[in-house]
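Now for the letters of each chain:
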Amino acid sequence: MEILQWIFFIIIIVFVVNFFLPTKGVSNITAKEAKDKFAKKDVQFVDVRTPGEYKANHQKKFANVPLAHLSKRTGKLDKNKEVVVICQSGMRSAKAAKMLKKQGFEKVSNVKGGMNAWV
């Protein structure tokens, strides 16, 4: 029985570590670094918050594609262009960035701290 407990414990540890580790190929950038990318024409900006959150406060460059709808709307994004993803705190955008990377997007950046970090 003790061996089963250790195996279960190790599986849980692996799951937790995998959940919190950054996704390979996804850059975490600051709000300032995201603003610096506004001048570039080959960057797509996606805000994955709900429409209500987006309406209350958003940056004009960011298109609103709620996280729940992102997997259905990735066809409208260019996989060869960088995608900068933002949400309110950086958690949903991290999930979105991971999803985009798994779907073959080459360069994906997540804004650390999300709109909370926007100054």
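All of these numbers come straight from a predicted model, not from anything done at the bench.

Colleague: Can you walk me through helix α5 (residues 91–102) in this structure?
Modeller: Working note: α-helix, 3.6 residues per turn, so residues spaced by three or four point in the same direction. With twelve residues, α5 ought to run about 16 Å at 1.5 Å a step, and its terminal C-alpha atoms sit 17 Å apart, in line with that. All buried positions along α5 are accounted for by S93, A96, A97 and L100. One face of α5 carries all of its buried residues, which in axial projection span an arc of 100 degrees. Residues of α5 that are exposed and point more than 90 degrees away from the buried face comprise M91 and K102. Residues of α5 that are buried in the fold lie against β1 (26–29), α4 (67–73), β4 (82–86) and β5 (108–111).

Colleague: Honestly, the sheet that holds β1 in this entry has me stumped. Any pointers?
Modeller: What holds strands together in a sheet is hydrogen bonding between their backbones, with the strands either parallel or antiparallel. Reading across the sheet, the five strands line up as β1-β5-β4-β2-β3 and stay open at both edges, with parallel pairing between neighbours. Only two strands of the sheet have a single neighbouring strand rather than two, namely β1 and β3 (63–64). With five bridges connecting them, strand β2 (residues 43–47) and β4 associate as parallel partners. Within β4, the position partnered with Q44 by the bridge is V83. Across the face of the sheet, α5 comes into contact with β1, β4 and β5 while running at roughly 175 degrees to β5.

Colleague: Honestly, the nonpolar core in this entry has me stumped. Any pointers?
Modeller: Generally speaking, a soluble globular protein has its nonpolar side chains buried in company with each other. Counting 15 residues, the largest nonpolar core has V46, V48, L70, V85, L100 and V108 as the members making the most contacts within it. Of all the elements, α5 adds the most residues to this core, at three residues. Here V108 is in contact with G25, V26, S27, V83, V85, A97, L100 and K101, once residues within four sequence places are set aside.

Colleague: Sorry if this is basic, but what is going on with the side chain of N64 here?
Modeller: With respect to the secondary-structure elements, N64 resides in strand β3. For N64, the side chain forms a polar contact with the main-chain oxygen of D47, separated by 3.2 Å. Reaching out from N64, the side chain makes a polar contact with the backbone oxygen of R49 at a distance of 2.9 Å. Residues within four places of N64 in sequence aside, it is in contact with D47, R49, T50, P51, Y54 and R73.

Colleague: Explain the packing of aromatic side chains to me, please; I cannot follow it from the model alone.
Modeller: Centre-to-centre distance and the angle between the planes together describe a pair of aromatic rings. Per the counting criterion, the structure on display carries six aromatic pairs. Look at F45 and F62: their rings are 5.2 Å apart centre to centre, the planes differ by 70 degrees, and that puts the pair in the edge-to-face class. Here F62 lies in the loop between α3 (51–56) and β3 and F45 lies in strand β2, a separation of 17 residues in the sequence. An aromatic cluster is built from F38, F45, F62 and W118, whose rings are joined through pairwise contacts.

Colleague: Would you take a moment to explain the pattern of salt bridges for this structure?
Modeller: Side-chain pairing between opposite charges can occur once the charged atoms of the two side chains come close. One pass over the structure, following the stated rule, counts four salt bridges. Two residues, D36 and K32, come together in a salt bridge whose shortest N-O distance is 3.2 Å. With D36 and K32 both in helix α2 (residues 31–36), this residue pair falls four residues apart, about one helical turn. Given the relative accessible area of 47%, D36 is considered partly exposed. As a salt-bridge pair, D47 and R49 come within 2.8 Å of each other at their nearest N and O atoms. Each member of the pair D47 and R49 is classed as buried.

Conventions adopted
- Residues numbered from 1 in each chain as written.
- Predicted model: local features only at pLDDT ≥ 70, side-chain atom pairs only at ≥ 80, totals over all residues.
- Heavy atoms only, no water.
- Helix = DSSP H or I, 4+ residues; strand = E, 2+ residues; numbered from the N terminus.
- Expected span 1.5 Å × (residues − 1).
- Buried < 20%, exposed > 50% of the residue type's maximum accessible area, 1.4 Å probe, protein only.
- Arc of directions from axis to C-beta.
- Contact = heavy atoms within 4.5 Å.
- Pairing = 2+ DSSP bridges.
- Axes fitted to C-alpha atoms, helices over the stretch in contact; angles between N-to-C directions.
- Core = buried A, V, L, I, M, F, W, Y, C linked by side-chain atoms within 4.5 Å.
- Polar contact = N/O pair within 3.5 Å; in protein donor to acceptor, adjacent residues only side chain to side chain.
- Phe/Tyr/Trp six-rings, centres within 6.5 Å; stacked < 30°, edge-to-face > 60°.
- Salt bridge = Lys/Arg side-chain N within 4 Å of Asp/Glu carboxyl O.

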